[in-house]
Amino acid sequence: MSVQARIDALMDLVKSRSPHEPEFHQAVHEVAGSVAHLVEDNPAYADARILERLVEPDRVVIFRVTWMRDDESIAINRGYRVQFNGAIGPYKGGLRFHPSVTLSVLKFLGFEQIFKNSLTGLPMGGGKGGSDFNPKGRSDAEVMRFCQSFMIELHRHIGPDTDVPAGDIGVGAREVGYLFGQYRRLANAWTGTMTGKGIAFGGSRIRTEATGYGSVYFAQNMLHHISEELAGKTCTVSGSGNVALYTIEKALAFGAKVVTASDSGGFIHDPEGFDAEKLAYLKNLKEVERGRISEYAKKFKGATFTKDQRPWSVPCDVAFPSATQNEIGLEDAKGLAKNGCRLVCEGANMPSTAEAIDVFHDGGILFAPGKAANAGGVTVSGLEMMQNAGFMSWTHDAVEQRLAEIMRDIHATCVQHGQEEKRVNYLKGANVGAFLRVAEAMLAQGAV
Ligand code: NDP
Ligand code: 2IT
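Owing to the predicted nature of the structure, the values given are computational and were not obtained by experimental measurement.

K.L.:
Let's hear about the layout of surface pockets: which residues, and what values?
P.N.:
Its volume calculated, the second largest pocket comes out at about 370 Å³. Around the second largest pocket sit 19 residues that line it, and His29, Glu30, Ile357, Asp358 and Leu427 are the ones nearest its centre. Elements with a contribution of two residues or more to the lining of the second largest pocket: helix H2 (22-41), helix H13 (354-362) and helix H17 (426-444). When residues in the lining of the second largest pocket are grouped by element, the largest group, five residues, is from H2. Taken together, the residues that form the lining of the second largest pocket break down as six nonpolar, eight polar and five charged.

K.L.:
For the sheet that holds strand E8 (residues 260-263), give the residues involved together with the corresponding values.
P.N.:
Two pairing modes exist for strands in a sheet, parallel and antiparallel, and in both the strands are linked by backbone hydrogen bonds. The antiparallel open sheet is built from three strands, whose spatial order is E8-E9-E10. Across the chains shown, the open sheet's two edge strands, defined by having one partner strand only, are E8 and strand E10 (304-307). Adjacent strand axes in the sheet meet at a mean angle of 20° when their direction is disregarded. Where strand E9 (residues 266-269) meets E10, four bridges bridge the pair, whose relative direction is antiparallel. When the bridges of E10 are listed, phenylalanine 267 appears paired with threonine 306.

K.L.:
Now, about the site of ligand 2: what can you tell me, with residues and values included?
P.N.:
Taken together, the neighbourhood of ligand 2 is formed by 14 residues, with Lys92, Lys116, Asp168, Arg207 and Ser381 sitting nearest. Within the contact set of ligand 2, an oxygen atom lies 2.7 Å away from a side-chain nitrogen or oxygen of lysine 92. Residue glycine 167 places a main-chain N or O atom 3.1 Å away from a nitrogen atom belonging to ligand 2. With the chains in place, 94% of the 300 Å² that ligand 2 exposes on its own is no longer accessible. Of all the secondary structure elements, the ones that give two or more residues to the shell around ligand 2 are strand E3 (91-97), helix H5 (103-120) and helix H15 (376-389). Its residues assigned to classes, the shell around ligand 2 comprises two nonpolar, seven polar and five charged.

Parameters and conventions
Residues numbered from 1 in each chain as written. Chains lettered and ligands numbered in written order. Predicted model: local features only at pLDDT ≥ 70, side-chain atom pairs only at ≥ 80, totals over all residues. Heavy atoms only, no water. 1 Å grid on protein atoms, 1.4 Å probe; cavity = no way out; pocket = protein on both sides within 12 Å on 5 of 7 lines; lining within 4 Å. Points joined across faces, edges and corners; volume = space filled by probe spheres on them. Helix = DSSP H or I, 4+ residues; strand = E, 2+ residues; numbered from the N terminus. Nonpolar A, V, L, I, M, F, W, Y, C, P; charged D, E, K, R; others polar. Pairing = 2+ DSSP bridges. Axes fitted to C-alpha atoms, helices over the stretch in contact; angles between N-to-C directions. Near = heavy atom within 4 Å. Polar contact = N/O pair within 3.5 Å; in protein donor to acceptor, adjacent residues only side chain to side chain. Areas by Shrake-Rupley, 256 points an atom, 1.4 Å probe, with all protein chains shown as cover.

In structure tokens, the structure reads:
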């Protein structure tokens, strides 16, 4: 069978077994394009049907979440946990609370997580979960009741050696606290079953910062590889949540100029760039007041707010998409290329469409896929699990140093497997490096 025939057959299988899951199909197609040749070259993979097994989750749990609003009316949401692949460790991945959550979205995220977690070198399998619950505009009491109801079902499926959830879109420190509190009560045990916990109750230092910091470390590694630096470069960032805020913080620390941020209402452009004072304002606006990004342009003269648009029309050297999936489409990618963008580093999961990635590769733009570039978050989650298992608490410097080392190692893996004639294909390098580890584990464990 040719490589292309292998990819087509896999996609036919996935589409027939899981129709109406476009995000999941997109994620599988991207990985299959990079690794099908390995299956072609290695009959053991084909015989063991590694790819066909990888696209079928180990287990999916779907449940009703009933909770009471402050006005005492009853609300009903749907909860999910996709335990995708446990070959290299306990299932590990975040929970997303957002109205756009569907089984397709969580399957794409869980599938990506298998490969991301493999790249970290730590023993973590791939999983993801969440709900179509929208925490926006809900009181703390409503969010707590939702989290408690969600956990009443989820708790029977998770555990420190089974499945360890964390945060993602709409699930931050507040939600992890409520979820962990309810889990601890139901399990009648204090275990590290969730990561992203507060420092006071077993959380790791640097976990809050880890995804954004890791993404900037990754971009810096890519630039060093071509004898360049982030310092002095103009960067655009999308989003203004956990990943975006700490991407901005570390990019500023490395001497870059960051000129945009966004939320679902639009983007702000500050041509002078953020500084420590402006970032502190943005953090307070988003992390404490839960306000809208448009407020930034009212506060700082010279900054503009563009409603309902994404920041990709703003000229930059480096773009850090850090909001959500498919936020860079074909036209956005063409605009980035036309304006001289040299590097796209995915802080979010699958923010670039397949067409956008083609534009980057054809235009010689260095492209870091999310599974490599945003692996810093789950990396420090893995370090949090180690600290919890040993009843230890490591210092800020110790955790950040380990994060930087693992991001450097992931970069090296991408270079090892993605080196092409003139440049490194990071997408291929990440997919191949990640796949080989998981495939080896699956082969060794037999037909399970
Ligand atoms: P947050 O909830 O903290 O922030 C999300 C940000 O993206 C907000 O600014 C939000 O705007 C915006 N956003 C979300 N959905 C949309 C949408 N459909 N359209 C436009 N803007 C949107 O989430 P995180 O920062 O944690 O996550 C951001 C991305 O990074 C996600 O893709 C996530 O999967 C990925 N990621 C997160 C990790 C983590 O450790 N948290 C680790 C690795 C990847 P608004 O507030 O208006 O909704
Ligand atoms: O997409 C991701 O890697 C996350 N949301 C973090 C997962 C984790 O378990 O820390």
